[in-house]
Each structure stands twice: as C-alpha cells, then as structure tokens.
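Report on the structure
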Amino acid sequence: MGSKYPPSVRGCLPLWILTLEVALILVFFFFTKYESSSKNQKELMGTYGAIFQDVTVMAALGLGFLTSSLWKHGWSSVAFNLFMLALGVQWAVLLDGFLNESFSGTVVINLPSIQQATMSAMSVMISVGAVLGKINLGQLVLMTLMEVTTFGIMRMVSKRILRTDDHTSMMHIHVFAAYFGLTLAWCLSRPLPKGAKKKDQMATSPSLFAMLGTLFLWMFWPSFNSALLSSLKRRKLAVFNTYYALAVSAVTAISVSALAHPQGKINMAHIHNAVLAGGVAVSAPCYQIHTPFVAMVLGLIAGLISIGGAKCLPVYFNQVLGIHDSCGVHYTFGLPGLLGGIANILLMMHHMNWTKHPMNSYQLLIDAGALSFSIAMGLASGLLTGLLLKLKIWKAVPPASKYFHDQAFWEVPHLAVGF
C-alpha cells in the first residue's frame, strides 16, 4: 500500500517558488550593486568577516539542528530551516535597502548589510519552532516573507520614530519572533490525535543532533549579541557578559532539571531550552553591564524561568489556549527575551542621573514603548499570517494524523510502501 500523505511539495510549491526566485534575481539585477568604497577592505573583512561567519553558523547549524529533536521529523527540521534562511536573507537584504533612509534607487550591498539580513532572517527560524511539523513548505515560504517584512518595518519604526539604537532594535528579535510564532500556532491549532502526539517526542539520536545545535548557539552567541555594536568597549562588554550569562544558565539548567525530576534525572528538552536562556536574557542590556555579577544573576534567573516554563506552560498552553508549541519557543526565547528587555530598561534607569537630565524619564518611556511595540507587532503580524495560512489554497497541508513525519515531504526509501 502506498503512502497516504498528500503530494504536498509537488502540488503547490515548485512553480511559484521558482517564479519567486526569478523575481528576486531580477530585482537584484535592476536595483542592487556591490559597495565600491575605498575604505580599508582588509580591516573591514577582519572585523565583520569573523562576526558574519559566526552569525551564519548560528543560523544554519545552531537553529537548524536545535529544532531537530522531533521524532521522525529531523530531515524537515534541518533542511526547511536552511531553505528559510536562504530565502529570508535574499529578501531581507532588499527590504533593508529599500527601507534605508539613504536609499536613492539602488541598494548598496556590503558585508554589514548581509550580516544584518542574516540576523533578520533568524526571526523566522525562531518562530517556526512553534509550528514545525504542522505546516508544509509552501506555507513556510509565505511565513518567511511576511515575518521578515514585518520585522524590517518594526526595526525601521523603532529607529526612526522611537529613536532606538540599531543594537536594541535587533535584540528585540527574540520577543518579536516568539510571539509571532505562538500567535501563528494558535491560528493553526488543531487537536492532536494520539498518533501525532506519539510522534511529537524525542528519540535519542535526534536529541543528540539538537544538542549539537545547542552547542553551536552556545559557542557563538557572544558574537551575535555584539555584532551591531560599533564601540570596541561596548563590544568587549557584550562578549564578556554574554559568556558569563550563558555559563550560569547552563549550570542552572542541568542542576534544576535534575532537581525537578522525582528520581533526579536530567531532561534533555530542558537542556536544549534553558542552556541558551542566559544569552537571550542579556542580548539587549549586554553592553550596559559593567560587572560579571549582574550578567550571572540574569543568567540564573533566565535559566530558572526557562526550566519553570518547560515544566508548567505546555499543559496550560495546550489545554487552555489551544496552542501547541512544538519546540518550546516561548520559554526558550520569549520569556528570557522579556526578562532581557525589562533588565535593559532597569539598567538604563540605574545609569541615568535624574537631576541633570530631566528628559531621561521620557526616554525610558520610549524604550519601554519600543519593547511593547515589538511584542505587539509580533502578535499582530502572527495573527495576520495565521489567517492567510488557513486559506483553502493551501491544499497540501498534512492532516493532523500525519503531523511530525518526514514522509509527508521527503522521499524515504525504507518507508516507500507506507507507514
């Protein structure tokens, strides 16, 4: 008996995706050029080249393997993430150029612009963890275009109207992407049958690959947090503080996971999530922290929040809100990102001299508004994208009984006669 899965990829994807790629190529042909500046190219490559390489490793290997823990869904997790990254970077380069204040008909491409485009595309790779295994590749394409566009507009508004610096607007990626993905999961939610629930589990081998992704993210997160800081002093503080926070959250994750188990055993899912929470929590305030103590406290709190969320939130989300968060996006990125945003505001309050700068209170309101705006944009754009993805034109959406399985999209020789 042949496979009961619909011909999802063949039915709706190739022609219009190829058409989209050709359209992108034409836009690049007519509206882009490489930078021909006389700056010190060797110094530029030395500074941005290493950071760009680290960010790319985080996106392709780190986030790609992090979501590979779903049982029988490893191929789709890794390959679909690579597909979204490749598409998202192309669109983000163009979008950032078009939205730039200095745009005069031609988008100038340089290494920093590609680096920022890669970081923007990572928003999709975070959000997809909430819906992975439940939508097809065609839907992921629309999700990529919608989310990268919304994130680019959000950053433009934050910088031009709210006067948020480039670093802070980018570091809001965690809360934006997390709540975009959760809202999308809520829109697309369907009750999971017993067969699908069984597939939404971790096997030993996929969990090892997910741990590999965690290790890549853990190693290169300091580069991500310091990528958009121009001052060498701020960049040094960002690297140091991110490392200390990650170290503490890793120790906290392992110890608290064992403490929370009746038999003192460690849950691998907790390690995937909470080990990275420290890096997320210090992302926005990393350059404002002048002592390891504060960074380590943030790493400790973020690890505790992440473990607590992994223990308590899935049941509440599934039964009360009807949200199935496939890879724990909320307690890996959302809650630690909120902690980091609040910590950033508190640290700004601590550093300000209220008597000499009467406008500081206004600036704090602006910074709080920028964080709230990121969350609101994530919720609103996630809702809009979810409504679009529920349209009947997506004929190849796998039925709920076929969730979390590679055979819905991939040729699997040893399962060619059904499963």
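Described below are features of the structure shown in this document. Because the structure is a prediction, the values reported are computed rather than measured. Along each chain, residue indices are assigned from 1 in the same order as the chain's sequence is written. Residues qualify for local features only when their pLDDT is at least 70, as the model is predicted, and side-chain atom pairs are given and counted only at 80 or more; totals for whole chains, interfaces and linings, by contrast, use all residues. Water and hydrogen atoms were dropped before computing side-chain values, which therefore reflect all heavy atoms in the structure.

Turning our attention to the side chain of aspartate 54. Runs of H or I in DSSP of at least four residues are treated as helices and runs of E of at least two as strands, each being numbered from the N terminus. Here aspartate 54 shows up in helix α3 (residues 41–66). The rule is simple: take the accessible area with a 1.4 Å probe, protein chains only, and divide by the maximum for that residue type; under 20% is buried, over 50% is exposed, in between is partly exposed. We treat Lys and Arg as the positive residues and Asp and Glu as the negative residues; His and chain ends play no part in the count. Note on definitions: salt bridges are taken to be side-chain nitrogens of Lys or Arg within 4 Å of carboxyl oxygens of Asp or Glu. Put simply, aspartate 54 is tucked away with no salt bridge, and the nearest opposite charge, on arginine 235, sits 10 Å away. Excluding anything up to four places from it in sequence, aspartate 54 contacts Phe220 and Ser223. Here, residues are in contact when the closest pair of their heavy atoms is within 4.5 Å.

The next point concerns the packing of helix α2 (residues 14–31) against helix α6 (residues 137–160). Fitting a line to C-alpha atoms yields each axis, with helices limited to the stretch in contact; the angle taken between N-to-C directions then spans 0 to 180 degrees. Relative to each other, α2 and α6 sit at 30 degrees, their axes nearing to 10 Å. In terms of axis orientation, α2 runs roughly parallel to α6. With respect to the hand of their crossing, α2 and α6 are arranged in left-handed fashion. For the pair α2 and α6, the contacting residues are Trp16, Ile17 and Leu20 in the first and Gly138, Val141 and Leu145 in the second. Any angle that is under 35 degrees is reported as roughly parallel, and any over 145 degrees as roughly antiparallel; angles of 65 to 115 degrees are reported as roughly perpendicular and all others as oblique. The crossing is said to be left-handed when, going from far helix to near helix, the turn is anticlockwise and less than a right angle, and right-handed when the turn is clockwise.

The next subject is the packing of helix α8 (residues 173–187) against helix α15 (residues 329–351). Running from amino to carboxyl end, α8 crosses α15 at an angle of 140 degrees, the nearest separation of the two axes being 8 Å. In terms of orientation, α8 lies oblique with respect to α15. With respect to the hand of their crossing, α8 and α15 are arranged in left-handed fashion. Residues His174, Val175, Ala178, Tyr179 and Leu182 of α8 lie in contact with α15, whose contacting residues are Val329, His330, Phe333, Gly334, Leu335, Gly337 and Leu338.

Residue position: alanine 284 is located in the loop between α13 (277–281) and α14 (292–321). On the basis of relative accessible area, alanine 284 is assigned to the buried category, the value being 3%. Sequence separation between alanine 284 and glycine 337 is 53 residues; the distance between their C-alpha atoms is 8.4 Å. The contacts of alanine 284, once residues within four sequence positions are left out, are His167, Met171, Gly340 and Asn344.

With that settled, consider α8. Given a rise of 1.5 Å per residue, 15 residues ought to cover 21 Å, and the 21 Å separating the end C-alpha atoms of α8 matches this to within 8%. Counting buried positions over the 15 residues of α8 gives 14, a clear majority of the element. A helix is expected to reach a length of 1.5 Å times the quantity of its residues less one.

To continue, consider a nonpolar patch on the surface. Taken together, the side chains of Val22, Leu26, Phe29, Phe30, Phe31, Phe98 and Phe103 present a nonpolar region at the surface, about 690 Å² in accessible area. Of the residues forming the nonpolar patch, the biggest block, 5 residues, is contributed by α2. Following the sequence through the fold, phenylalanine 31 ends up in helix α2. Under the relative-accessibility criterion, phenylalanine 31 is labelled partly exposed at 37%. Candidate patch residues must exceed 30% relative accessible area and have no salt bridge, after which like charges are joined if within 9 Å and Val, Leu, Ile, Met, Phe, Trp or Tyr side chains if within 5 Å. The Shrake-Rupley method, run with a 1.4 Å probe sphere, supplies the accessible areas, and residue values consider only the shown protein chains as cover.

Time to look at the side chain of threonine 385. Relative to the helices and strands, threonine 385 is located in helix α16 (residues 360–389). The exposure class of threonine 385 is buried, given its relative accessible area of 0%. Sequence-distant contacts of threonine 385, defined by excluding residues within four places in its chain, comprise Met143, Met146, Phe180 and Leu184.

On to the nonpolar core. The biggest cluster of nonpolar side chains holds 76 residues, and the ones touching the most others in it are Met143, Trp221 and Phe333. Here this core gets 10 residues from one element, more than from any other, and that element is α8. Every residue in contact with phenylalanine 333, bar those within four places of it in the chain, is listed here: Leu63, Leu66, Ile126, His174, Ala178, Trp221 and Val280. Here, the term nonpolar core denotes a set of buried Ala, Val, Leu, Ile, Met, Phe, Trp, Tyr and Cys residues that are joined through side-chain atoms within 4.5 Å. Listed in part, the 11 residues of the second largest apolar core include Ala277, Val282, Ile289 and Leu347.

For the rest of this paragraph, the subject is the packing of aromatic side chains. Aromatic ring pairs are defined here through the distance separating the ring centres and the angle between the ring planes. Between 30 and 60 degrees the pair is tilted, below 30 it is stacked and above 60 it is edge-to-face, where a pair is any two Phe, Tyr or Trp rings, Trp via its six-membered ring, whose centres lie within 6.5 Å. If you walk through the whole model with that rule in mind, you get 9 aromatic pairs. Between phenylalanine 29 and phenylalanine 30, the aromatic rings sit 4.9 Å apart at their centres with planes inclined by 85 degrees, giving edge-to-face as the arrangement. Phenylalanine 30 sits in the exposed class, given a relative accessible area of 58%. Considering the side-chain rings of tryptophan 218 and tyrosine 243, the 5.8 Å spacing of their centres and the 65 degrees angle between planes classify their relative orientation as edge-to-face. Residue tryptophan 218 is found in helix α10 (residues 204–226), and its partner tyrosine 243 is found in helix α11 (residues 232–260); the two are separated by 25 residues along the sequence. Classification of tyrosine 243 as partly exposed rests on a relative accessible area of 45%.

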